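Overview (structure and organization)
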Amino acid sequence: MRNMVDNLVIVESPAKAKTIGKYLGKDFLVKSSFGHIRDLSKKDYGIDLNNQYQPQYIISPDKKKIVAELKKLAKEAKTVWLASDEDREGEAIAWHLAEVLKLPADKTRRIVFHEITKNAILGAIDNPRSVNQNLVNAQQARRVLDRLVGFELSPVLWKKVKPSLSAGRVQSVAVRLLVDREREILKFVSKESFRVSGFFSFNDKKGKPAHLKSELNQRFSSLEEARAFIDFCKTADFLVSGIETKPSTKSPAPPFTTSTLQQEASRKFSFSVSQTMTLAQHLYEAGHITYMRTDSVNLSDLALNTASKEITEEFGKEYAKRRLFKTKVKGAQEAHEAIRPSYMNKREAGANANEKKLYSLIWKRAIASQMSAARLEKTTINISISNRTERFLSSGEVLLFDGFLKVYMEGSDEEKEGNGNGLLPPVTKDQKLDIDNIEALQRFTHYPPRFTEASLVKKMEEMGIGRPSTYAPTISTIQNREYVVKEDRPGITRELKGIVLSDGKITSINKSEKSGYEKSKLFPTDIGMVVNDFLVEHFSNIMDFNFTASVEKDFDSIADGELVWHSMIHKFYIPFHKKVDNTQKNSQRSSGERELGKHPETGETIIVRIGRYGPMAQIGEKGEDSKPRFARLQKGQLIETITLEEALKLFNLPRSLGEYEDTELIVGMGRFGPDIRHKGSFYSLKKDLDDPMTITADRAKELILQKREADLKKIIKTFDNDPDLMVLNGRYGPYISYQKSNFRIPKNTDPAALSYEECKDLIEKAPKPKKKK
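Below or above, wherever it landed, is the structure these notes cover. Note that the structure is a prediction, hence the values are computed from the model and not measured. (Residues numbered from 1 in each chain as written. Predicted model: local features only at pLDDT ≥ 70, side-chain atom pairs only at ≥ 80, totals over all residues. Heavy atoms only, no water.)

**Brief notes about the sheet that holds strand β17 (residues 614-619)**
Taken together, 4 strands build an open sheet; the order of strands is β15-β16-β17-β18 and the sheet is antiparallel. The outermost strands of the open sheet, each flanked by one partner alone, are β15 (594-598) and β18 (629-632). Across the sheet, the mean angle from the axis of one strand to that of its neighbour is 25 degrees, orientation sign disregarded. The pairing of β17 with β18 spans 4 bridges and is classified as antiparallel. Along β18, the bridge assignment pairs A617 with A631. (Pairing = 2+ DSSP bridges. Helix = DSSP H or I, 4+ residues; strand = E, 2+ residues; numbered from the N terminus. Axes fitted to C-alpha atoms, helices over the stretch in contact; angles between N-to-C directions.)

**Focus on the environment of M669**
When you line up the elements, M669 lands in strand β20 (residues 663-670). With 501 residues separating them in the primary sequence, M669 and G168 have C-alpha atoms 32 Å apart. M669 has contacts with R632, L633, Q634, L653, P674, R677 and P692, leaving out every residue within four places of it along the chain. (Contact = heavy atoms within 4.5 Å.)

**Digging into the environment of E182**
When you line up the elements, E182 lands in helix α6 (residues 171-187). Note on E182: relative accessible area 5%, which makes it buried. Taking the C-alpha atoms as reference, E182 lies 17 Å from M543; in sequence the two are 361 residues apart. Excluding residues that lie within four positions of it along the chain, E182 makes contacts with R450, F523, P524 and M529. A distance of 2.9 Å separates a polar atom in the side chain of E182 from a polar atom in the side chain of R450. (Buried < 20%, exposed > 50% of the residue type's maximum accessible area, 1.4 Å probe, protein only. Polar contact = N/O pair within 3.5 Å; in protein donor to acceptor, adjacent residues only side chain to side chain.)

**Considering the sheet that holds strand β24 (residues 725-730)**
Here we have 4 strands laid out as an open sheet, ordered β23-β24-β25-β26, and antiparallel in their pairing. Two strands bound the open sheet, and with one partner strand each, they are β23 (715-718) and β26 (741-744). Pairs of neighbouring strands in the sheet enclose a mean axial angle of 25 degrees, with direction left out of account. The pairing of strand β25 (residues 733-738) with β26 spans 4 bridges and is antiparallel. Paired with Y735 across the bridge in β26 is R744. With respect to the sheet, helix α18 (residues 697-714) is in contact with β23, β24 and β25, its orientation differing from that of β23 by roughly 60 degrees.

**Here we look at helix α14 (residues 526-538)**
Across its 13 residues, α14 extends 19 Å between first and last C-alpha, which sits within 8% of the 18 Å expected from 1.5 Å per residue. The buried count for α14 comes to 10 of 13 residues, which makes it a mostly enclosed element. All of the buried residues in α14 are D526, I527, G528, M529, V530, V531, N532, F534, L535 and H538. The inward-facing, buried residues of α14 contact α5 (133-160), α6, β14 (518-524), α16 (565-586), β16 (605-611) and β17. (Expected span 1.5 Å × (residues − 1).)

If you want it as C-alpha cells, here you go:
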C-alpha cells in the first residue's frame, strides 16, 4: 500500500522526475505528466477572441490514465509543486496542468530552476511563486496565431497547389530563405581571374638557404595579362621593401546559446539540429547542464567564480579572466543563463558517446569564455618588383600566449582560400630575393554558399525569425513536408589553366579542382518553390521577414504584460481571414507550369509542372484522339532549370534491358524513384550509384539477386496451410505478418518455434490499430 505524501511534484518527463527525486526527501513524490496536456482543437480558440481563453481539453486515451492518477495524487497531497521548464512553453504546461487537474490556487506552487542540481532544486522550493499568466498568454498567443495561419493557409494550398500540403508562420518563411538563396545561386555567373603566387629563395644571416611563399596583391582578368606580367618578371629584381610586425589578440567566444550550440555541434560533429537538442535535453534532465533553450550569453556569479577557480587550478592564474558578455542577437530575451555545465569542475558526463561529445563541447566553450585572450604577433612582408607598382605579400603569425586556445577553438562556416598563417623565415629589409618560380593559376568566383541546418538557424536568429525553442522543430518540419531535402551533391571536376615561370622559362600548366561539392546542405524542392511562390504572391505580409520578426516582438510584449494577447490576435486575424477567402475564390491554380518547347518529331508541346505525385514532364494535351504522356523528374532536376533535351530523355523510360529468366527486364521511374521491374516485383536502384538511363542488364540482375537474398534472410518461418501468415525479421526485430498487417512477438519468445496456432492467438490478442483522425 502506498503511503500518502505531503508534497506532489509534477514534471514533464520520467528522466527529469528521476533526477529531481534524488535531491528531495521522502516527503516529496515526483511524478511525470509524460509531456504536454493541452487543447488541440481549432474550435477552442474562438474566432471572435473577445473573452479570456477558456480551453476545452481533448485528452488522448493514453493520457487519460496518467491524468486520473495525477488527479488522485493531487487531491491527497497538501501541496502540489509544478516544476515544468522555465520558458514560456514550460509555464503553459504548468498552467494547463493546473487547469486539467483542477488544482486549488492555495495548494499550488510554481517552481523554476535553470539547472537540475540539489542547490537549485532546494532553492526553488524555498522561493515558489504562482503561475505567470503573462508568460502563459505569450505562449498561447504563439500557439493560436500559428494554428490560425496553418489551419487557414493549408486548405488554400490543398485546393490551389496540391493535396496534403501545409503552411506555417515560421516554416514558410524558413523555406523562403532557402528558395531565395537557391535562385541567387541559379542566377550566379562565375567570373574567372588569375591568381599569381611567388616562391622565392635567399640565404639567411647564417648563410643557410631559406624559402618564402607569397601572393601578388592583385589578380588578372585574363591569361594574356597574367602572361605579360610574368614575362616582365623574368628580368625584374625582387627586394624585401618592408617588414611590418603588429601584436594582436584573439578573444574567446561567449558561452553557448541554443543557436550557437546547434551551429558548433553541426560543424564539429555533423550533428543535425534536432539531434543536438535531443542530446542536450538528456544532459539537462540528467542534471549535467543548464537549461538548453536560451538566447542569453550570461553566466551566474556562482558559475563565474567556479570557472575562475577551475581555470586557475588547472592552467594557472594568468589564464583566468572574468568576462561578462552581451548578446548581439535581434530580439533576444536575455531572461536566462547561457548553456553551461551544472558543475564547472566536472569535465565528463553523458550516458553515451554522443552525449559525452556534446557535454565536452559545452564544458570547453564555457570554460574558454572565462579565460585570457590569446596573444599573437602578425608579420607582413612586402616584396617590391622593380619598375612595377604591384607587389608580393607574405604574411604569417606567431602565437606568443595561447590563452583560451589551450582549451577551445571555435569552428567556422567560411570557406577559406589562401596561403595560411604559418611561420615566416627570418628576413631583413632590402634583402634581395631570387625566383624559385612564379605561378599564375586560373580561379573562379564561387556562388553564395547553400545553407546547412546550422547556418539556417544562424540566419533565422540574426533576422529575429523564431525563438530558441522553435529552430529545431521548424527545420524538421520543412524536411518532413518535403519542401526541403538535406543531401550531399558530388560536384564536378573543373580544369584550371595556368602558366609558371621557372629557370627563366614560361610553360603552361593544367590543374584541376572539385567544384560544386555540397555536404549536408539544404536544397528546396520543386514543390517547396511552387508553394513559396504562391504564398509570396497572395500572402506577402505572412511571408515578409520583418512581419515574422515583429510578431516575435509582440509575443515578448505580451510576456512583459504590455499587450493583451487576444487583441493582438484579433488585429491580425480579421484582415488575414478576408485575404484567405479572397484567395480561395479568385486566385488561379498554381503548378509551377513551364513550357520547354515542341517535340522535335511530333510537334507536341512539352511542359514541366507539379503533378499528383510530384514534379513531372508532360508531352501533349488531352484531346478526343490523344492522351498526354508523363515522366517523373529525376533527383537533382528542377522545374525552373530542366532543359528540353533533358526532359525528352525522361521519356526513354521505361526501357527494356532484355530478358532474364524468360521474362522481360524493365527499368523505369516508379512512384518512389527509379526501379527494376521483373516478374511483377520491383527492385529499387541504389541511391547515388545507379542511373536508370545507363544501368546495364548485368547490374539489374545483380540488384534482383541481392534483394532475393535479403528477402530469404528476412523469412524466419512460413506455413503451407496459410501462405499469408509469415514470421519475419524486421528492422526492429522479429514480427508476424498476416494479410498486410504486422503483429508484435512478445520478448523472450523464440520466433522460429512459434506454431501456427500460437501465431493466430497472438494476432487475435493484439490491440486493434487506432483509427486515423
